[in-house]
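Each chain, written out:
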Amino acid sequence: MTRTTRTETESEEESEFVEFRARAREFLAAHAIPKGHPDDFSQGYGAHTLEGERHYQERCAWWQGLLFEHGWACLTWPKEYGGQGLTSKHARIIAQEQGRYGVSNGAFSVGIGMFGPTMLMHGTEEQKRRYLLPLARGEEVWCQLFSEPGAGSDLAGLRTRADLDGDLYLVNGQKVWNSGAHLADWGILLARTDWDVPKHKGITYFVVDMHSPGIECRPIKQITGSAHFNETFLTDVHIPRENVLGAVNDGWRVANTTLSNERTLIGGSGGGGGGGMRDLLALVRERGLAGDPVVRQRVAKTYMRQEILRFLGLKMQATMRAGRAPAAEASIMKILIGDHLHETADLALALEGPAASLSSTDAPQGGAWQHQLLNQFSTKFGGGTEQIQRNVIGERVLGLPSDIRVDKDRPFREVAGLA
Ligand SMILES: Cc1cc2nc3c(=O)[nH]c(=O)nc-3n(C[C@H](O)[C@H](O)[C@H](O)COP(=O)(O)OP(=O)(O)OC[C@H]3O[C@@H](n4cnc5c(N)ncnc54)[C@H](O)[C@@H]3O)c2cc1C
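Here goes a summary of the coordinates provided. Worth saying up front: this structure is predicted, and the values here are computed from it rather than measured.

Description of the nonpolar core
Burial of nonpolar side chains together is a common tendency in soluble globular proteins.
Turning to step 1, where the next piece is worked out: In terms of nonpolar packing, the biggest core is built from 67 residues, with Trp 63, Phe 115 and Trp 142 touching the most fellow members.
Turning to step 2, where the next piece is worked out: The residue makeup of this core includes at least three contributed by each of domain 1 (2-104) and domain 2 (143-249).
Turning to step 3, where the next piece is worked out: Beyond its immediate stretch of four places on either side in the chain, Phe 115 contacts Val 110, Tyr 131, Leu 132, Leu 135, Trp 142, Ile 188, Val 207 and Leu 245.
Turning to step 4, where the next piece is worked out: Counting 14 residues, the second largest nonpolar core, distinct from the first, contains Val 284, Leu 347, Leu 351 and Trp 369.

Okay, here's the thing in structure tokens:
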């Protein structure tokens, strides 16, 4: 079973990457916190308080700052904006190696994983200089203000409005499911700026200071016990005109860069949190079940699923390197990751036996598997639901007819019943 914890081994890698991986390992061995250490960031899954979330964010900021200081932050970004001008393969190597430790920069995932690439593609030089460096240094936390109570899967149906008044936009509306908004410094916001054109054509993409008057975040409690996302109310919020990212009314195109990075991020992270193959094997051995034929079969299946996901990840990277958006690959991966998370957690909890009913630090492995079982729904819904991913696969891979979109070409004012 020694091959089971393999990621991408040196034998498969060109020498440039072997050397890079060795340097990454050296850096991490010198600075990162080992898994299972009392200071491991993931210790105590399920013990969530606002104070705990703040503490986690501070620790992520500490780790991101350290990555930046040693030249390991935002590797694919150009050097002038805090990166290293390296490839996505370099970024994947440090992510894989970091995954072996109890450290994370998870509080910056919206900022670095979604906003950063969008800013690099659509931002002005002035905007890039203002926002990217503090993000790479771990000084500013970002959140995403896209979804609304009536606009999730059908995001382009959003109704938050932004009306230009002199040099300021006046924003009113409600967003929902906004991860980390209550602790964020900045938000990426979609709002409607033209109601007389079809829904995709009247949206503008803004950068909003989350400390602005008129923004109220109300955390929503989840099944895991955490309240990491929010309802966000915007009442007469002022946003300076220069905070538009891309062109006015062209926000849907800009948002698509963010959304495709979001799917890739979820795909690349393997769903985030919870346990890995290494932890599962440790559990099998701890329980003395390594010789049990049924357990061995289920572990082998888990390994195969993980390997399929790894190969799909490589395919997705290759698609991106070829300059194409990996829409279908990202959708396939997202569905498989959802299945993998619940099936692996189900196996781990069966192995734990009665201890499966415990949680957080009382449970084996800090409650990672209990957390994974409950948190699987985040991956299944966040960044586009499974059904929407199946629609994408149906249309783009299988060539089936498009989903019915009766409102696509009508002015949004009519669709919203305001005409
Ligand atoms: C953990 C988590 C974090 C999130 N973080 C953020 C965030 O930070 N910022 C943000 O803006 N949003 C965030 N979201 C919101 C997320 O993007 C939405 O939940 C998602 O897009 C689905 O939208 P919805 O919840 O409104 O569901 P709906 O769109 O209302 O869907 C309800 C059900 O109907 C199905 N359905 C809808 N349309 C179709 C169709 N055409 N064909 C087939 N089935 C369909 C869906 O699959 C689903 O089962 C987060 C969500 C989660 C779970």
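A short note on the environment of Ala 356
Turning to step 1, where the next piece is worked out: With respect to the helices and strands, Ala 356 occurs in the loop between α9 (327-352) and α10 (368-381).
Turning to step 2, where the next piece is worked out: Each C-alpha atom of the pair Ala 356 and Thr 204 lies 47 Å from the other, and the pair is 152 residues apart in sequence.

So, a nonpolar patch on the surface
Turning to step 1, where the next piece is worked out: Among the surface-exposed residues, Ile 223, Leu 374, Phe 377 and Phe 381 lie close enough to one another that they form a single nonpolar patch of about 410 Å² accessible area.
Turning to step 2, where the next piece is worked out: Along the chain, Phe 377 falls in helix α10.
Turning to step 3, where the next piece is worked out: Assessed through its relative accessible area of 43%, Phe 377 is described here as partly exposed.

Focus on the pairing of strand β5 (residues 203-209)
Turning to step 1, where the next piece is worked out: β5 sits mainly inside the fold: six of its seven residues count as buried.
Turning to step 2, where the next piece is worked out: Of the pairings in the sheet, the one linking strand β4 (residues 186-192) to β5 comprises seven bridges and is antiparallel in character. Each residue of the ladder has a partner; that of Arg 192, found in β5, is Ile 203.

With respect to the side chain of Thr 160
Turning to step 1, where the next piece is worked out: As for its position among the elements, Thr 160 is in the loop between β1 (142-145) and β2 (161-165).
Turning to step 2, where the next piece is worked out: According to the relative accessible area criterion, Thr 160 is buried, its value standing at 1%.
Turning to step 3, where the next piece is worked out: Only 2.8 Å separates the side chain of Thr 160 from the side chain of Glu 148, close enough to count as a polar contact.
Turning to step 4, where the next piece is worked out: Beyond its immediate stretch of four places on either side in the chain, Thr 160 contacts Glu 148, Val 171, Asn 172, Gly 173, Gln 174, Lys 175, Leu 190, Ala 191 and Arg 192.

Definitions and limits used
Residues numbered from 1 in each chain as written. Predicted model: local features only at pLDDT ≥ 70, side-chain atom pairs only at ≥ 80, totals over all residues. Heavy atoms only, no water. Core = buried A, V, L, I, M, F, W, Y, C linked by side-chain atoms within 4.5 Å. Buried < 20%, exposed > 50% of the residue type's maximum accessible area, 1.4 Å probe, protein only. Domains from an automatic or database assignment. Contact = heavy atoms within 4.5 Å. Helix = DSSP H or I, 4+ residues; strand = E, 2+ residues; numbered from the N terminus. Patch = residues over 30% accessible without salt bridge, like charges linked within 9 Å, V, L, I, M, F, W, Y side chains within 5 Å. Areas by Shrake-Rupley, 256 points an atom, 1.4 Å probe, with all protein chains shown as cover. Salt bridge = Lys/Arg side-chain N within 4 Å of Asp/Glu carboxyl O. Pairing = 2+ DSSP bridges. Polar contact = N/O pair within 3.5 Å; in protein donor to acceptor, adjacent residues only side chain to side chain.

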